[in-house]
Every structure is written in C-alpha cells, then in structure tokens.
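Summary of structural features
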Amino acid sequence: MGEEKESAVLSGKRMRSYNAKKRALVTAVAVVLSIVALCFVNVNGAIPLISVPIIIAAAFVIDKVFIFIRPDVYGKDMLKRGRTPVIATSTVVAVFTAICLFSGIVAYQLARHTVQNANLVKEFSTVDDAIDFLQKSGLEDKYAVTVHSNNNGQDEFRITADFTPKSGEYDLDDFDKYKNVEVNGNVVTVTAKAYNLEYNGEKFVYYVLNERYLNAKIEVKDGAINVVDSGQALGNAIGAIFVIVAQLAINIVVYSVGIIAAIVPSEIYFEKLIRNEAKKCDEAK
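Now for a look at the structure at hand. (Residues numbered from 1 in each chain as written. Predicted model: local features only at pLDDT ≥ 70, side-chain atom pairs only at ≥ 80, totals over all residues. Heavy atoms only, no water.)

1. Looking at the overall build of the protein
Defined as follows: Segments assigned H or I by DSSP are reported as helices when at least four residues long, segments assigned E as strands when at least two residues long, and all are numbered from the N terminus. For this measure, only C-alpha atoms enter the radius of gyration; the expected value for a globule follows 2.2 Å times N^0.38, where N is the number of residues. Remark: exposure states derive from per-residue accessible area (1.4 Å probe, protein chains only) relative to the maximum for the residue type, with buried under 20%, exposed over 50%, and partly exposed in between. Two residues form a contact once any of their heavy atoms are found within 4.5 Å. When charges are tallied, Lys and Arg are placed among the positive residues and Asp and Glu among the negative ones, while His and the ends of the chain are skipped. Throughout, a charge is located at the NZ atom of Lys, the CZ atom of Arg, the CG atom of Asp or the CD atom of Glu.
Summing up its helical and strand segments, the protein has seven helices and eight strands in all. A compact globule built from 285 residues would reach a C-alpha radius of gyration of about 19 Å, whereas the protein, at 34 Å, exceeds it by more than 25%. When the backbone C-alpha atoms are referred to their principal axes, the protein occupies close to 110 × 40 × 25 Å. Per-residue burial over the protein gives 34% buried out of 285 residues. Across the protein, contacts joining residues at least 24 apart in sequence account for 67% of those joining residues at least 6 apart. With 31 positive and 32 negative side-chain charges, the protein shows a spacing of 20 Å between the two charge centroids.

Here's what the structure looks like:
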C-alpha cells in the first residue's frame, strides 16, 4: 500500500522540471567556480590545475546527490535502480580525477623547480670543491696550463692561460669553446673570466677554464655553495616550460576523454531512467 501511495503522488511534470532546474543549477555553479579558479592562474598556476578537475568531479557527484535526497520527486524504485551505477561511476570519476591531479601536480612542481634553478650547474659542500670544478679545463692530460692573473680587486676580472702541449703539437679544435684564442709558437693562449669571492670571512680568488661552463661562477646563497651559469638559464627555463605545457596538455586531453567516457554513459542511463519514470507517472494519471 505504501508503494502504491507513493507512486500515486509522483508527477512526471514535477520530475522533469526538478531535474532540469537541478542540472542547470549545478552546471552554472560549476562553470562560475571554474572561471573563478582560472582567474587565479597568475597568482598561482597550481590553483586552476587542482581546482577545475575537482569542481568537475564534484559537480557530477552533487548532481546525483540532489536526485537521491528527493525520493518524493523520483520515487524509491527509480532511486534503487540507479544507486549502483551512480556509486560505480562516482568512484571511477573520483579515482581518475585523483590520478590525473597527482600526475599534473608532479609535472608542474618538477618544471617549477627546474625554472627556479635554471641557472644551477652543480651544488658543492665546500668553496674549494667548487673552485676545483671551475678551474679544471678538461685538457690537463694533453696540455700543461700556466695562468697569468691581473687581479684588480674587482669582483670580476680577466686572466690569460697558456696551454703548452705535453707532447706533439696543439690542436685548435681543443679550444673552439674559448674566446680570444691566440697562438704563439706551440703555445695556445686563451682569455677567461676570474672572480674574487669572500665567504665566511675568508677570501678566495678563482678563474674559470672549465670549457663546458666558461660563463659560470660560484654563488653563495642561504649557506648553499652553488656553481651557476646564467648562460644556460634561458634554455633550461624554456625547456621546462615546454615540458610542463606538453604534460598539462596531455593531462587535459586524457582527463577530458576519460571523464566524458565515464560520465556520458551514466548521464544517458539516468536521463532514460528519469524519462521512463516520468512517462509512467503521466500514464498513471
């Protein structure tokens, strides 16, 4: 008797009206919140990255919650039939959203770290180790190196270095990365940068002959001893930005396709279920 009484008060018109208003409200709120989240992209790029997928997933679940809290509109029989697919789809949406979020956040943080440290060549525990890294040319096995310094007391100055072959003759290809290369007999002279550095009350003087990092220098910041090269910063930053854009684009495509694949069948099922239930109510009158 209870079920018959419930069926008797159900209205197909009311069901369709409530369903349309519910869907319009949830969609409108989700769109507004997503737009608001996107407005914070200049404050922190991670805000829309995290917020928008959560808003989409939450909108789907809340839309179904509005159905299940109104058995007086839809009827208990229809809700019973829809409970299992809603739980299954909501679980898939939640898990898929979490996976895509994790992947996107990890890629974003890695790229952000790379951009922030784009000029970092290597970290060292002591200044002496950093100096040794910069002063070795990599040609010591083939040449004897003599450095001539004209320290003017400035933070940065120039030195010349003579490379004398230990055996045979010099090879100019060994010096193609150096600037101001001069040859005098069998001696090759190059010009390089040198620096004065003060750390913990101790003064250091070093030059840069490392052919891979001729524009590098030692930077002491917050107690960390780093070799940095501003020349490579731009390339690393561009590379990192390209990687994050590509990764985010892939994540967006995968998430969009996955969410559509998960939600659309569920929406079609529920739309058909509600339409049939509404039709039954209209025919029962």
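2. A closer look at the sheet that holds strand 1 (residues 120-124)
For sheets, the rule is that strands pair by backbone hydrogen bonds, running either parallel or antiparallel. Note the following rule: Here, any two strands with at least 2 DSSP bridges between them count as paired. Each axis is a line fitted through C-alpha atoms, taken for helices only over the stretch in contact, and angles between the N-to-C directions span 0 to 180 degrees.
One open sheet accounts for three strands, arranged 1-8-7; its pairing is antiparallel. The sheet is open, and its two borders are formed by strand 1 and strand 7 (217-221), each paired with just one other strand. Taking each pair of neighbouring strands and ignoring which way they run, the sheet shows an average axis angle of 30 degrees. Pairing geometry for strand 7 and strand 8 (residues 224-228), over five bridges, is antiparallel. Each residue of the ladder has a partner; that of Val220, found in strand 8, is Ile225.

3. Observations regarding the packing of aromatic side chains
We apply this condition: Working definition: a ring pair exists when centres of Phe, Tyr or Trp rings (six-membered ring for Trp) sit within 6.5 Å. Plane angles under 30 degrees give stacked, over 60 give edge-to-face, the rest tilted. A ring has a charge above it when a Lys NZ or an Arg CZ is no more than 6 Å from the ring centre and no more than 35 degrees off the ring normal.
Under the defined criterion, the tally for this structure stands at 11 aromatic pairs. For the ring pair Tyr143 and Phe163, a centre distance of 6.1 Å and an interplane angle of 85 degrees mean the geometry is edge-to-face. Placement of the pair is Tyr143 in strand 2 (residues 143-149) and Phe163 in strand 3 (residues 156-165), with a sequence separation of 20 residues. Assessed through its relative accessible area of 3%, Tyr143 is described here as buried. Ring geometry for Phe163 versus Phe175: centroids 5.1 Å apart, planes at 70 degrees, classification edge-to-face. In this pair, Phe163 sits in strand 3 while Phe175 sits in the loop between strand 3 and strand 4 (179-184), placing the two residues 12 residues apart along the sequence. Overall, Phe175 belongs to the buried group, its relative accessible area being 2%. Counting every residue linked through ring pairs, the aromatic cluster contains Tyr143, Phe163, Phe175 and Tyr178. Lying across the ring of Tyr18, Arg70 places its NZ or CZ 5.0 Å from the centre.

4. Topic: the pattern of salt bridges
Test applied: Definition used for salt bridges: Asp or Glu carboxyl oxygen within 4 Å of a side-chain nitrogen of Lys or Arg.
Applying the stated criterion across every chain yields a total of nine salt bridges. Across the salt bridge formed by Lys64 and Asp63, the nearest N and O atoms sit 2.8 Å from each other. Connected via shared salt-bridge partners are Lys22, Arg23, Asp63, Lys64, Glu267 and Glu271.

5. Focus: the layout of surface pockets
The criterion, for reference: Cavity: a set of points on a 1 Å grid over the protein atoms alone where a 1.4 Å probe fits but cannot get out. Pocket: an open set with protein on both sides within 12 Å along at least five of seven lines, its lining residues, like those of a cavity, having an atom within 4 Å of a point. Grid points are joined across faces, edges and corners, and a volume is the space filled by probe spheres set on the points. Side-chain classes follow a simple rule in which Ala, Val, Leu, Ile, Met, Phe, Trp, Tyr, Cys and Pro form the nonpolar group, Asp, Glu, Lys and Arg form the charged group, and the remainder, Gly included, forms the polar group.
By volume, the largest pocket amounts to about 390 Å³. In this structure, the largest pocket is lined by 17 residues; those nearest its centre are Pro48, Leu49, Val52, Pro53 and Ile252. Contributing elements (two or more residues each) for the lining of the largest pocket: helix 3 (46-68), helix 5 (76-116) and helix 7 (230-284). Partitioned by chemical class, the residues of the lining of the largest pocket number 13 nonpolar, four polar and no charged.

6. What about the pairing of strand 4?
The buried count for strand 4 comes to zero of six residues, which makes it a mostly uncovered element. With four bridges connecting them, strand 4 and strand 5 (residues 187-199) associate as antiparallel partners. Bridge pairing links Asn184 to Val187 in strand 5. Joining the antiparallel neighbours strand 4 and strand 5 is a turn of two residues, in which Gly185 adopts a positive phi near 70 degrees.

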